[in-house]
Amino acid sequence: MTATAIQIRLVSAIADIPAEQWNACAAGSSVSALDSHSHVLDEDNGDKLSPDLSTRGQSPNPFISHEFLSAIEASGSTGPRTGWMPRHIVAETTDGELMGAMPCYIKSHSRGEYVFDHGWADAFERAGGDYYPKLQVAVPFTPVTGPRLLTRPSVLAGEIREALADALTSVTAQNKLSSAHVTFLTEAEWTLLGKRGFLQRTDQQFHWENEGYATFEDFLGTLSSRKRKTIRRERKDALTPGIEVKWLTGSDLTEGVWDAFFAFYMDTGSRKWGRPYLTREFFSLIGDTMRDRIVLMMAKRAGRWIAGAINFVGDGTIFGRNWGAIEHHPFLHFEVCYYQAIDYAIAHKLRRVEAGAQGEHKLARGYMPRTTYSAHYIDNPALRRAIADYLARERRFIESTQEELASYAPFRKDLAEHE
């Protein structure tokens with residue numbers, strides 16, 4: 001097989017792509033992108049690492065799996081009503097075998113992306129241009145880094161990845177779109193697209209790293225005395241009103257549990273975004289197809305669920321996503337979203353906790369700044385020049401901010417000096 005045997009086409013529903021073929025590309029891309037912090041700790045080999053066996057042949061990154069993306073589409077969370085129109089780009093052999101793919105959407109707005117380009121749209125439209133529709137390569141409503149140019153393992157993987165990158169610009173031009181945006185992609189993909197003319201953007205999140213801790217107290221022992229006391233007080237105060245937290249996964253995820261969690265999600269989403277992105281059906285679908293990769297941290301008081309956070313597991317990582325509550329208690333958010341996730345990672349020997357976008361308040365709780373990446377193809381030359389100048393300055397700002405934030409790390413100075 002040669003590169004000339006590959007053809008590119010658009011697919012308007014992921015249901016039209018066989019799940020096993022999509023997942024083969026997703027799994028191959030995830031494994032090639034793994035680095036040392038993307039595995040579970042091996043208790044029999046000290047600091048050596050072993051692959052995360054919980055994925056059972058699926059993509060180590062749960063969000064680019066066929067199951068997750070099809071649940072978003074089938075539930076109506078994307079589509080004409082929401083302004084996320086699926087137009088997935090696939091690379092196939094002439095006999096229809098899927099060799100590469102990208103999760104793509106035609107967007108009529110810039111909501112639900114977590115990489116903000118509203119200012120670019122406003123400037124272009126004030127100048128008489130039409131910024132929308134645009135092309136978005138992303139996992140909808142999910143600010144989690146992962147592969148975006150998915151390729152099945154083969155000798156042609158590099159060429160197929162380049163063909164997918166080039167397809168972005170051609171699809172943008174052929175469909176008279178203003179731009180193409182690839183968000184929360186891996187650093188290697190960011191570099192590849194930068195070499196092919198895409199503008200490069202960075203931002204940051206806060207992640208917790210498991211340094212082989214046996215208990216939460218082991219982790220606290222690495223913090224300064226003041227930070228250690230603060231976290232202990234927050235955890236105690238969060239649970240003082242008679243609250244207990246349960247980890248629910250697998251067969252625990254009943255429709256009744258999802259009803260309770262969806263009420264939490266709607267409460268927070270309605271206040272934060274005006275209209276929550278995900279439908280109730282979405283949670284039933286992932287509860288059916290991904291239940292062994294989901295952990296709900298659910299808080300109960302006086303016999304009823306009052307708050308919860310949904311987490312996904314993969315890449316040796318627990319990914320915190322949505323949170324909500326119908327009763328509001330001091331520090332309960334920190335307990336359910338941050339401290340329980342650390343507890344879970346330690347108990348299951350996971351390497352990392354990713355607790356979502358933004359949030360400098362996470363720094364004091366042991367979550368350190370990490371760079372995230374996005375790449376942008378802008379068709380209009382004048383708009384492209386203006387954005388390129390802005391991004392150059394923004395990248396320098398992000399880098400300097402990370403250095404400053406790292407200096408405020410909560411860890412003991414004597415440990416840092418020893419290292």
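Note that the coordinates shown come from a computational prediction; the quantities given were computed from them, not determined experimentally.

A.B. asks: What exactly am I supposed to notice about the overall build of the protein chain here?
C.D. replies: When helices and strands are tallied, the protein chain shows 12 helices and 17 strands. For the protein chain, the residues scored as buried account for 56% of the 419 residues in total. Long-range pairs, those at least 24 residues apart, make up 76% of the contacts in the protein chain between residues at least 6 apart in sequence. Counting only carbon and sulfur atoms, one obtains 51% of the accessible surface of the protein chain, whose full area is about 18,000 Å².

A.B. asks: Looking at this structure, how should I read helix α3 (residues 118-126)?
C.D. replies: What sets the pattern is the α-helix's 3.6 residues per turn: residues three or four places apart point alike. Of all the residues in α3, the buried ones are Trp120, Ala121 and Phe124. Projection of α3 onto a plane perpendicular to its axis shows the buried side chains occupying an angular sector of 100°, all on one side. Against the buried residues of α3 lie β10 (179-183), β11 (199-209), β17 (368-378) and α11 (381-406). After α3 finishes, the residue Gly128 shows a positive phi value of roughly 100°.

A.B. asks: When you look at the sheet that holds strand β8 (residues 134-137) in this model, what are you seeing that I'm missing?
C.D. replies: As a general point, the strands of a sheet are linked pairwise by backbone hydrogen bonds and lie either parallel or antiparallel. Strands sit in the order β4-β7-β8-β10-β17-β11-β16-β15-β14-β13-β12 across an open sheet of 11 strands; the sheet is mixed. The sheet is open, and its two borders are formed by β4 (84-86) and β12 (243-248), each paired with just one other strand. Across the sheet, the axes of successive neighbouring strands diverge by a mean angle of 30°, strand direction being ignored. Sheet analysis places β12 next to strand β13 (residues 294-301), joined by 6 bridges and oriented antiparallel. Along β13, the bridge assignment pairs Glu244 with Lys300.

A.B. asks: Mind showing me how you'd approach unusual backbone geometry here?
C.D. replies: Backbone geometry follows two general trends: most residues other than glycine have a negative phi, and most peptide bonds adopt the trans configuration. Here the residue pair Tyr132 and Pro133 is connected by a cis peptide bond, since its omega of 5° sits within 30 degrees of zero. Counting through the fold element by element, Pro133 comes out in the loop between α3 and β8. The phi dihedral of Asp315 falls on the positive side, at around 55°, and the residue is not glycine. With respect to the secondary-structure elements, Asp315 resides in the loop between β14 (304-314) and β15 (317-325). The class for Asp315 is buried, based on a relative accessible area of 12%.

A.B. asks: Quick question: what am I supposed to make of helix α9 (residues 280-289) here?
C.D. replies: Arg280, Phe282, Phe283, Ile286 and Gly287 are the residues of α9 that are buried. Angular distribution of buried residues about the axis of α9 spans 160°; they occupy a single face of the element.

Cut-off values and rules
- Residues numbered from 1 in each chain as written.
- Predicted model: local features only at pLDDT ≥ 70, side-chain atom pairs only at ≥ 80, totals over all residues.
- Heavy atoms only, no water.
- Helix = DSSP H or I, 4+ residues; strand = E, 2+ residues; numbered from the N terminus.
- Buried < 20%, exposed > 50% of the residue type's maximum accessible area, 1.4 Å probe, protein only.
- Contact = heavy atoms within 4.5 Å.
- Areas by Shrake-Rupley, 256 points an atom, 1.4 Å probe, with all protein chains shown as cover.
- Arc of directions from axis to C-beta.
- Pairing = 2+ DSSP bridges.
- Axes fitted to C-alpha atoms, helices over the stretch in contact; angles between N-to-C directions.

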